[in-house]
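Inside the fold
Now for the letters of each chain:
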Amino acid sequence: MSGNGISISGLGSGLDTNSIIAQLMKLERLPLEQIEAKKKTEQEKLSALGTLKGYVKDLQKQAQELGKRSGFLSFKVEASEEGVASFSASGAAQAGTHSLTVLQLATIDRWTFDGVTSKTDDLAAGEGEEISFDVGGTNYSITLQQASSSLEDIASEINELAGEDVTASVVNTGTENAPSFKLVLTAVESGEEGRISNIVSTVGGLTIDGTLPDGSGVAQSTNNITVGNNALAEIDGLQVERTTNEFNDVLAGISINVQSADPDNTIQFSVEADTEAVSANVKKFVDTYNKVIGFLNEHSTYDKEKGPGGELFGDSVLRGVRQSIRSALFNVDIDTVMDDAEGFSTLGLVGIETQSDGTLLIDKTVFEEKMADNLDALADLFIDSDGFDNDGALENTPEFFEDTTTDSGLAASLERAISRMLGSFTGPEGTTLKGLFESRTDTFNSNVKRFDKQIEDKEFYLDQYEKNLVKRFASLEQIIGGLNAQGAALQSSLLQMM
């Protein structure tokens, strides 16, 4: 062993100095190992806190969904006849029966220039010949160079200039031996707003009759292959017009995509609650809630043989999270319960029961009965139907998170409670009030930094301590070596005198 350039062999003293120093250093390192163990514990707490935070965020997401009508309720649509239209419904829909007559499908405007025998031969008779047209109020004009005026060149320039509104392509409408290549312009958007108009060609080898369709949307030019017309439908006797075949904003929460037109055919479609989907939404919420409670239970358990059940055993964050989420879901105003004649004011009344370990269990029979009795009342238990209003409470006060309106909704209340735990807020005179998770994270990080400093100081001390040991044992080796030499010399002198 050596230190500060000093080497110790132990030959002079006969002692195993390297082993002695190693054992002394091992004893001296014990406090450092204790500090490192404490740091590891804090890091494990940080990791466990991050896991819990993730579970709580998942619960917040589920609460946000269930707190909205569109997230809690689901609807399905059944039509009296298939092939006329496809339907879908969101949670914003309303149950009911409706009629639909598809008068006309939306079509895309399409024009073709007169045919030519080659798609690669230049068509312009000179420089500066043009092709121009309008789409949706935008004018496009292409000036050609004689040496690059073939159909393929023209189609490429149109796509580059007007590709957002028009697609240009070259099609052979003839045969292989007698070709007739045509430049086709196709509108990108369907309906009247996507129509291509005022088509003019000054290219001598490329002609077109650009006469516009009449007021009824009937083509007046043979070059106008299809006319861009709007979709027309009668929904509940009301004629509705759209530029596409999608009628998504006529009935709230209902999307209709018409597929075939027949003015003489009226179909019926009914919108009704999808109770299976509602049950699935609530079950997902309950499962997410139980995941949080399961984590809290695990970390709150102590076994005589195994010790704490988790890294956060005894930490205040466990109690804080449990109290916050339970308070949001179960602290229902007693007057509300007393006035509830139908039994929709608490989770227990609608079949969502609390187990002995704090988790939730859905009584399927009771829950389905409640859905059948009054789905709107069931939804109202979770949904904040009249919005949130804290009556202007200051941000740093508990009242800031309290809804003063008549209806709060359990899911919406839970979402706000979780926001309070996850966020941080501005207090008096610009001070920052940290939420539960941020506060505990800061505490754990602060502890880790404190232990890092202690470890750094301790390692410096141990380094100096080891160097000092090496120096002392080296001196001891020299002293013992000198004494041994003197003794040997004395003994030799005595032998000579004898």
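This one's a predicted model, so the numbers in the text were calculated from it and none came from an experiment. (Residues numbered from 1 in each chain as written. Predicted model: local features only at pLDDT ≥ 70, side-chain atom pairs only at ≥ 80, totals over all residues. Heavy atoms only, no water.)

1. So, a nonpolar patch on the surface
Nonpolar side chains collect at one region of the surface, where Leu-490, Leu-494 and Met-497 lie side by side and expose about 350 Å² of accessible area between them. Within the fold, Met-497 resides in helix H10 (residues 436-497). (Patch = residues over 30% accessible without salt bridge, like charges linked within 9 Å, V, L, I, M, F, W, Y side chains within 5 Å. Areas by Shrake-Rupley, 256 points an atom, 1.4 Å probe, with all protein chains shown as cover. Salt bridge = Lys/Arg side-chain N within 4 Å of Asp/Glu carboxyl O. Helix = DSSP H or I, 4+ residues; strand = E, 2+ residues; numbered from the N terminus.)

2. As for the packing of aromatic side chains
One pass over the structure, following the stated rule, counts seven aromatic pairs. Their ring planes at 80 degrees and their centres at 5.8 Å tell us that Tyr-55 and Phe-295 sit as a pair that is edge-to-face. Of this pair, Tyr-55 sits in helix H1 (residues 17-66) while Phe-295 sits in helix H4 (residues 275-299), and the two are 240 residues apart along the sequence. With a centroid separation of 5.7 Å and 40 degrees between ring planes, the pair formed by Phe-133 and Tyr-140 is classed as tilted. Here Phe-133 and Tyr-140 have matching classes, each one buried. Ring-pair connections join several aromatic residues into one group, and the members of that group are Phe-72, Phe-285 and Phe-382. Above the face of the Phe-344 ring, Lys-370 is positioned so that its terminal group lies 4.6 Å from the ring centre. Looking at Arg-450, its charged tip hangs above the ring of Phe-451, at a distance of 4.6 Å from the centre. (Phe/Tyr/Trp six-rings, centres within 6.5 Å; stacked < 30°, edge-to-face > 60°. Buried < 20%, exposed > 50% of the residue type's maximum accessible area, 1.4 Å probe, protein only. Lys NZ or Arg CZ within 6 Å of the ring centre and 35° of its normal.)

3. Quick notes on the sheet that holds strand S7 (residues 130-135)
The strand order across the open sheet formed by three strands is S8-S7-S11, and the pairing between neighbours is antiparallel. Unpaired on one side and paired on the other, strand S8 (138-143) and strand S11 (196-201) mark the two borders of the sheet. For this sheet, the mean inter-axis angle between neighbouring strands, taken without regard to orientation, is 10 degrees. In this structure, S7 lies alongside S11, joined through four bridges in antiparallel fashion. Paired with Asp-134 across the bridge in S11 is Ser-197. Taken strand by strand, helix H3 (residues 151-162) contacts S7 and S8, and its axis lies near 145 degrees from that of S8. (Pairing = 2+ DSSP bridges. Axes fitted to C-alpha atoms, helices over the stretch in contact; angles between N-to-C directions. Contact = heavy atoms within 4.5 Å.)

4. Here we look at H3
The first and last C-alpha atoms of H3 sit 16 Å apart over twelve residues, in line with the 16 Å expected at 1.5 Å per residue. Those residues of H3 that sit buried are Leu-151, Ile-154, Ala-155, Ile-158 and Ala-162. Viewed end-on, H3 has its buried residues packed into an arc of 100 degrees, placing them on one side of the element. Against S7, S8, strand S9 (166-172) and strand S10 (181-187) lie the buried residues of H3. (Expected span 1.5 Å × (residues − 1). Arc of directions from axis to C-beta.)

5. Concerning the side chain of Asn-229
Position of Asn-229 among the secondary structure elements: in the loop between strand S12 (224-226) and strand S13 (231-235). In this structure Asn-229 comes out as buried when scored by relative accessible area, which is 12%. Those residues in contact with Asn-229 that sit more than four places away from it in its chain are Gln-104, Leu-105, Ala-106, Thr-107, Gly-191, Glu-192, Arg-195 and Gly-217.

6. Topic: the side chain of Ser-221
When you line up the elements, Ser-221 lands in the loop between S11 and S12. Since its relative accessible area comes to 5%, Ser-221 is described here as buried. Within the structure, Ser-221 has its side chain in polar contact with the backbone oxygen of Asp-209 (distance 2.6 Å). (Polar contact = N/O pair within 3.5 Å; in protein donor to acceptor, adjacent residues only side chain to side chain.)

7. Considering a negative patch on the surface
On the surface, a cluster of negative charge is contributed by Glu-276, Glu-342, Glu-368, Glu-369 and Asp-373. No other element matches helix H7 (residues 364-373), which puts three residues into the negative patch. Considering the arrangement of structural elements, one finds Asp-373 in helix H7. (Lys, Arg positive; Asp, Glu negative; His and termini not counted. Charge placed at Lys NZ, Arg CZ, Asp CG, Glu CD.)

8. Overview of the sheet that holds strand S4 (residues 85-89)
Reading across the sheet, the three strands line up as S4-S16-S15 and stay open at both edges, with antiparallel pairing between neighbours. Taken across any chain shown, the strands that pair with only one partner, and hence form the sheet edges, are S4 and strand S15 (246-247). Examined bridge by bridge, S15 and strand S16 (residues 254-258) share two bridges and lie antiparallel to one another. Within S16, the position partnered with Glu-246 by the bridge is Asn-257.

9. As for the confidence of the model for the chain
Averaged over every residue, the pLDDT of the chain is 88; the share at 70 or more is 90%. Averaged over each element, pLDDT in the chain is lowest for strand S2 (residues 6-7) (50) and highest for strand S6 (residues 110-112) (98). (pLDDT = per-residue confidence, 0-100.)

10. Quick notes on the nonpolar core
The nonpolar side chains of a soluble globular protein tend to be buried, and buried together. If you look at the biggest cluster of nonpolar residues, it comprises 68 residues, and the most contacted ones within it are Leu-52, Phe-72, Leu-100, Ile-256, Val-321 and Ile-325. Ranked by residues supplied to this core, first place goes to H4 with nine residues. Among residues more than four places away in sequence, those in contact with Phe-72 are Glu-65, Leu-66, Val-278, Asn-281, Val-282, Leu-378, Ala-379, Phe-382 and Ile-383. (Core = buried A, V, L, I, M, F, W, Y, C linked by side-chain atoms within 4.5 Å.)

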